[in-house]
Amino acid sequence: MSGAAITPGQEAPIPEFKQIMGHPAPLWMLFMSEFWERFAFYGIRWALVLYIVDQFYKGDGTGQAAANLTYGSYLALVYAAALFGGYVADRVIGYQRSILVGAVFMAAGLFMISIPNQDIFNAGLATIIIGNGLFKPNISTMVGKLYSIADTRRDSGFTIFYMGINVGGFLAPIFTQLLAQKVFNTGDTPAYKIVFISAGIGMLLSLVWFAIGRRTLKGIGAPAEGTEGMARVIYVAIGALCVIPVAYFLLSMGAAKLQVFLSILFIGLMVMLLIEGVRNGKVARDKVIAMLLIFAFNILFWMFFEQAGSSFTFLADQIVNRDLGGFVFPTAWFQSVNSLAIIGFAPVVAYVWVMLGRRNMNPSIPRKFGLGLIGNGLAFGLLMFALSSLVDANNKIPFWTLFMVYVIQSIGELCLSPIGLSMVTKLAPTRLVGLGMGGWFLSTGIGNNLSGIFASHVSGESGMSVASALSGYTFGFYSLLGAGIVLFLIAPLMQKLMHGVK
């Protein structure tokens, strides 16, 4: 970050970077840092609900609902913490140092959850939550700072960065499952401890990679002039340690009460961003309003999309026929399908946006979001069909149906998530871009908490059944399809509020 003063609405000057494959060289350093962080995050994703049921409920199906709620609350707080992480980076220690401190806390939390004690496990999750809050929004914000607002490569740059997320997300479940079930397994139950330890090592690699590579950023994300000393970093680290018990308490308070807390946070965020927008004039105010409307639709998208680590895991484990001619497809590997589809389709989608842009036909941000919602809805439509028409005598649905659900969801995700990151850097008030990015992740967090509540209903009181899954996923289909249609209808109004941002 340049030491030059930036007035509201003025972009920070962007250094001259070496270009690699048509994009600034630091994009690829951030790509690999995010790769290892996502390797750590997704490496444990497949195991969490299964581990909770096996370790703390002795494998009883009645533990599924509680596991889903814990998973949803954990994800919600992971993303909600980004709100505070963005503020810390904006106002206290800068983006680079926030990322480094966050990486240390995340690694510590991942090693903690490998200890088979429920209190330590929950404390470890709380530590991951705090670390991710400092890491996740700020590395995404720095991608946006490599491009000017008018740079047409901005969306494709975020899509490339999003591929880094998904390369890590693809490899992690496969690698950790093989370690847990083929290398270190001593019985029928995977060695979950190995899953969590290997994820912790991945997080350490992310820390080292960014610490070495940050010099290529040429000051972008560095502390503001006059705040370069280490005292502020120490204060933030101490503050983060003090907040871990708060995260632990929020994690244990229950999803319904947590939803109230998150809603209050979201209202507070809306007020702060609107005040800043009004202060900067009508155009800035309108952009903030448009951004907040998108946040609302984002909540609904993630409420249903984030079944992957909760109800879809139990669906794969119990209701999907995973026998592929003698090879039983591991439940964990379904977590890699989403990332594999992203890797395969991200270049195609990025190319389509660029090609349409050259022809002045690029869909508006609201319509891209509408496509994402409808794509997610079609995935649930396929599950409706499978659970109502393709159930065999053993109460199993074909393997290909859940596989394709992940693929269809992934295409919808590509229309929404990387575009959302780019949108925030375009629409948020210049002085509060980090807070705006935190708001994006907070809306995602609210959706994730609702996903846990939804998944607990899908599993029911005694564990998932074909009937409970069909009922829940039917609701998901109609909710997503309706929201996507509404967003398409109001897209022209929202585009006016964006004042030319595309």
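Residues numbered from 1 in each chain as written. Predicted model: local features only at pLDDT ≥ 70, side-chain atom pairs only at ≥ 80, totals over all residues. Heavy atoms only, no water.

A. Quick peek at helix α3 (residues 63–112). Here α3 is 50 residues long, yet its end C-alpha atoms lie only 22 Å apart, well below the 74 Å a rise of 1.5 Å per residue gives. Ile 93 marks the point of greatest bend in α3, at about 120°. Where burial is concerned, most of α3 is hidden: 38 out of the 50 residues are buried. (Helix = DSSP H or I, 4+ residues; strand = E, 2+ residues; numbered from the N terminus. Expected span 1.5 Å × (residues − 1). Bend = angle between axes of the 7 residues up to and from the residue. Buried < 20%, exposed > 50% of the residue type's maximum accessible area, 1.4 Å probe, protein only.)

B. Molecular detail of the side chain of Thr 401. Turning to its location among the elements, Thr 401 is positioned in helix α13 (residues 399–427). Ignoring sequence-local partners within four residues, the contact set of Thr 401 consists of Leu 382, Ala 386 and Leu 390. (Contact = heavy atoms within 4.5 Å.)

C. Expanded view of helix α4 (residues 118–144). Look at α4: 39 Å from first C-alpha to last across 27 residues, which is about the 39 Å you get at 1.5 Å a residue. In α4, a bend of some 35° at Asn 132 exceeds every other bend along the element. Taking burial as the measure, the 27 residues of α4 include 24 buried ones, the bulk of the element. Where α4 begins, the side chain of Asn 117 points an oxygen toward the backbone nitrogen of Asp 119, at a separation of 3.0 Å. (Polar contact = N/O pair within 3.5 Å; in protein donor to acceptor, adjacent residues only side chain to side chain.)

D. Highlighting unusual backbone geometry. Despite not being glycine, Asn 360 shows a phi value in the positive range, around 60°. Its place among the elements puts Asn 360 in the loop between α11 (334–358) and α12 (365–389). Judged by its relative accessible area of 63%, Asn 360 is exposed. Phi is positive for Asn 395, which is not a glycine, with a value near 60°. Following the sequence through the fold, Asn 395 ends up in the loop between α12 and α13. Residue Asn 395 is classed as partly exposed on the basis of its relative accessible area, which comes to 48%.

E. Structural view of the packing of α11 against α13. For the pair α11 and α13, the least separation of the axes is 8 Å and the interaxial angle reads 45°. One element, α11, and the other, α13, form an angle in the oblique class. Between α11 and α13 lies a crossing of right-handed hand. In this structure, α11 contributes Phe 334, Gln 335, Val 337, Asn 338, Ala 341, Ile 342, Phe 345, Ala 346, Val 349 and Trp 353 to the contact, and α13 contributes Phe 399, Leu 402, Phe 403, Tyr 406, Val 407, Ser 410, Ile 411, Glu 413, Leu 414, Cys 415 and Ile 419. Its residues placed into classes, the contact of α11 with α13 shows 17 nonpolar, 3 polar and 1 charged. (Axes fitted to C-alpha atoms, helices over the stretch in contact; angles between N-to-C directions. Parallel < 35°, antiparallel > 145°, perpendicular 65-115°, else oblique. Left-handed = near helix turned anticlockwise from the far one by under 90°. Nonpolar A, V, L, I, M, F, W, Y, C, P; charged D, E, K, R; others polar.)

F. Summary view of the environment of Asn 122. Looking at the element boundaries, Asn 122 is found in helix α4. Exposure remark for Asn 122: the relative accessible area of 17% places this residue in the buried category. In this structure the C-alpha to C-alpha distance between Asn 122 and Gly 43, which are 79 residues apart in sequence, comes to 18 Å. Leaving out residues up to four positions away in the same chain, Asn 122 has contacts with Tyr 248 and Leu 251.

G. Geometry of the pattern of salt bridges. Summed over all chains, the structure comprises 7 salt bridges. For Glu 34, the salt bridge is made with Lys 136, and the minimal N-O distance between the two is 2.3 Å. One end of the pair, Glu 34, is in helix α1 (residues 26–43); the other, Lys 136, is in helix α4, and 102 residues separate them in sequence. In this structure, Lys 282 and Asp 286 form a salt bridge, with 3.0 Å as the shortest nitrogen-oxygen distance. Linking Lys 282 with Asp 286, this pair stays in helix α9 (residues 282–305), spanning 4 residues, or about one helical turn. Given a relative accessible area of 52%, Lys 282 falls into the exposed group. Linked through salt bridges whose partners overlap, the residues forming this network are Lys 282, Arg 285 and Asp 286. (Salt bridge = Lys/Arg side-chain N within 4 Å of Asp/Glu carboxyl O.)

H. Here's a closer look at the environment of Ser 310. The topology assignment puts Ser 310 in the loop between α9 and α10 (311–318). In this structure, the C-alpha to C-alpha distance between Ser 310 and Phe 17, residues 293 residues apart in sequence, is 42 Å. Excluding residues that lie within four positions of it along the chain, Ser 310 makes contacts with Val 49, Asn 68, Tyr 71 and Ala 455.

I. Quick peek at the side chain of Gln 307. With respect to the element layout, Gln 307 can be found in the loop between α9 and α10. Once you skip the residues sitting within four places of it in the chain, Gln 307 turns out to touch Phe 312, Thr 313, Phe 380, Ser 451, Phe 454 and Ala 455.

J. The packing of aromatic side chains, seen in detail. For the structure shown, the criterion picks out 34 aromatic pairs. Each ring, one from Phe 329 and one from Phe 334, has its centre 4.9 Å from the other, and the planes form 65°; the classification is edge-to-face. Lying over the aromatic face of Phe 41, Arg 38 brings its terminal NZ or CZ to 4.1 Å of the ring centre. (Phe/Tyr/Trp six-rings, centres within 6.5 Å; stacked < 30°, edge-to-face > 60°. Lys NZ or Arg CZ within 6 Å of the ring centre and 35° of its normal.)

K. The confidence of the model for the chain, seen in detail. Taken residue by residue, the chain gives an average pLDDT of 87. The fraction at 70 or more is 96%. Model confidence for the chain, summarised as mean pLDDT per element, is weakest for strand β1 (residues 19–20) at 78 and strongest for α12 at 94. Here residues 1–11 is modelled with pLDDT under 50, and outside its nearest four sequence neighbours on either side it reaches 19 contacts, counting other chains as well. (pLDDT = per-residue confidence, 0-100.)

L. Seen up close, the nonpolar core. Judged by nonpolar contacts, the single largest core of 163 residues is most densely connected at Leu 30, Ile 44, Tyr 74, Leu 315, Trp 440 and Tyr 473. For this core, the element with the highest residue contribution is α3, accounting for 24 residues. Among all residues touching Leu 30, those that are not within four sequence positions of it are Ile 139, Met 142, Val 143, Leu 146, Phe 161, Phe 210 and Leu 217. (Core = buried A, V, L, I, M, F, W, Y, C linked by side-chain atoms within 4.5 Å.)

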